[in-house]
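Observations on the model geometry
So you can see what is in the structure, the chains are spelled out below.
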Amino acid sequence: MEWFAVSEESRRGLGGHTRFAGVCIRERALISLSFGGAIGLMFLMLGCALPIYNKYWPLFVLFFYILSPIPYCIARRLVDDTDAMSNACKELAIFLTTGIVVSAFGLPIVFARAHLIEWGACALVLTGNTVIFATILGFFLVFGSNDDFSWQQW
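Quick caveat: nothing in here was measured; it's all calculated off a predicted structure.

Comments concerning the overall build of the chain
Helix and strand counts for the chain stand at six helices and zero strands. The burial tally for the chain puts 31% of its 154 residues in the buried class. Looking at the chain alone, contacts between residues at least 24 apart form 62% of all its contacts between residues at least 6 apart. About 10500 Å² of surface is accessible on the chain, with carbon and sulfur atoms providing 70% of the total.

Take a look at the structure:
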């Protein structure tokens, strides 16, 4: 099992503090998630600000980005996760989150069909939606466990 051994030099961070492998993985995940969020917002802004589109109606999907994690965060805070069976509160939170995500994908399509935005802008916004929601899902997968760092205390 030498391939799994971590040397003392590789565990030392800046200032001589000992670093564990989990922290390094979380730092990499946080950097990757922030990069994904920036790419998703870039697609959204391109769908709004390019001179051939020049309409800012798609920015309304920002409300959906803010609203999408709220039901699940509330349910995780209220529900005791010790039993293996799913409960109604968690299922309702997942249902509401799914409705918010579907609405975020439907709004640009409705705008394009109503001729408020062009179809190219709609495609850019839908691409941005995919990247942003994948980033939000990645955040919950990486930081959703109950170990040393708990975002649930907020």
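After presenting the structure, the write-up continues.
Focus: the UniProt feature "transmembrane region" (unreviewed entry) in the chain
Residues annotated in UniProt with the feature "transmembrane region" (unreviewed entry) correspond here to residues 29–53, 59–79, 91–111 and 117–143. Its end C-alpha atoms 34 Å apart, residues 29–53 is made of 84% helix and 0% strand. Annotation note: span residues 59–79, helix share 76%, strand share 0%, distance between end C-alpha atoms 33 Å.

A word on the packing of aromatic side chains
Counted under the stated rule, the structure contains eight aromatic pairs. Centre to centre, the rings of phenylalanine 105 and phenylalanine 133 are 5.9 Å apart; their planes meet at 40°, and the pair counts as tilted. Remark: phenylalanine 133 occurs in helix α6 (residues 119–143) and phenylalanine 105 occurs in helix α5 (residues 88–113); sequence separation between them is 28 residues. An aromatic cluster is defined as three or more aromatic residues linked by ring pairs; in this entry it consists of Trp57, Phe60, Phe63 and Phe111.

Notes on unusual backbone geometry
Phi is positive for asparagine 54, close to 50°, though the residue is something other than glycine. Counting through the fold element by element, asparagine 54 comes out in the loop between α2 (21–49) and α3 (61–67). Since its relative accessible area comes to 47%, asparagine 54 is described here as partly exposed. Of note, the phi angle at histidine 115 is positive, near 60°, even though the residue is not glycine. Along the chain, histidine 115 turns up in the loop between α5 and α6. Residue histidine 115 is classed as exposed on the basis of its relative accessible area of 70%.

Comments concerning a nonpolar patch on the surface
Residues Trp57, Phe60, Phe63, Ile66, Leu67, Ile70, Ile74, Leu78 and Leu116 make up a contiguous nonpolar surface patch of about 870 Å² in total accessible area. Broken down by secondary-structure element, the contributors of at least two residues to the nonpolar patch are α3 and α4 (70–78). By secondary structure assignment, the location of leucine 67 is in helix α3. Of the residues examined, leucine 67 reaches a relative accessible area of 40% and is grouped as partly exposed.

Details of α4
Taken together, the buried positions of α4 are Pro71, Tyr72, Ala75 and Arg76. Viewed along the axis of α4, the buried residues span an arc of 130°, placing them on a single side of the element. Every exposed residue of α4 that faces more than 90 degrees away from the buried side is listed here: Arg77 and Leu78. Packing partners of the buried residues in α4 comprise α3, α5 and α6.

Regarding α5
Because each turn of an α-helix spans 3.6 residues, side chains separated by three or four positions end up pointing in the same direction. The end-to-end C-alpha distance of α5, which contains 26 residues, comes to 36 Å, matching closely the 38 Å that a straight helix rising 1.5 Å per residue would cover. The largest bend in α5 amounts to roughly 25° and is located at glycine 106, with the proline proline 108 lying one to four residues further along. Three or more residues of α5 are buried, namely Lys90, Ala93, Thr97, Ile100, Ala104, Leu107, Pro108, Phe111 and Ala112. Where the residues of α5 are buried, they touch α3, α4 and α6. One or two residues past the end of α5 sits histidine 115, with phi positive at roughly 60°.

Analysis parameters
Residues numbered from 1 in each chain as written. Predicted model: local features only at pLDDT ≥ 70, side-chain atom pairs only at ≥ 80, totals over all residues. Heavy atoms only, no water. Helix = DSSP H or I, 4+ residues; strand = E, 2+ residues; numbered from the N terminus. Buried < 20%, exposed > 50% of the residue type's maximum accessible area, 1.4 Å probe, protein only. Contact = heavy atoms within 4.5 Å. Areas by Shrake-Rupley, 256 points an atom, 1.4 Å probe, with all protein chains shown as cover. UniProt positions renumbered as here; feature names shortened; annotations may be inferred. Phe/Tyr/Trp six-rings, centres within 6.5 Å; stacked < 30°, edge-to-face > 60°. Patch = residues over 30% accessible without salt bridge, like charges linked within 9 Å, V, L, I, M, F, W, Y side chains within 5 Å. Salt bridge = Lys/Arg side-chain N within 4 Å of Asp/Glu carboxyl O. Arc of directions from axis to C-beta. Expected span 1.5 Å × (residues − 1). Bend = angle between axes of the 7 residues up to and from the residue.

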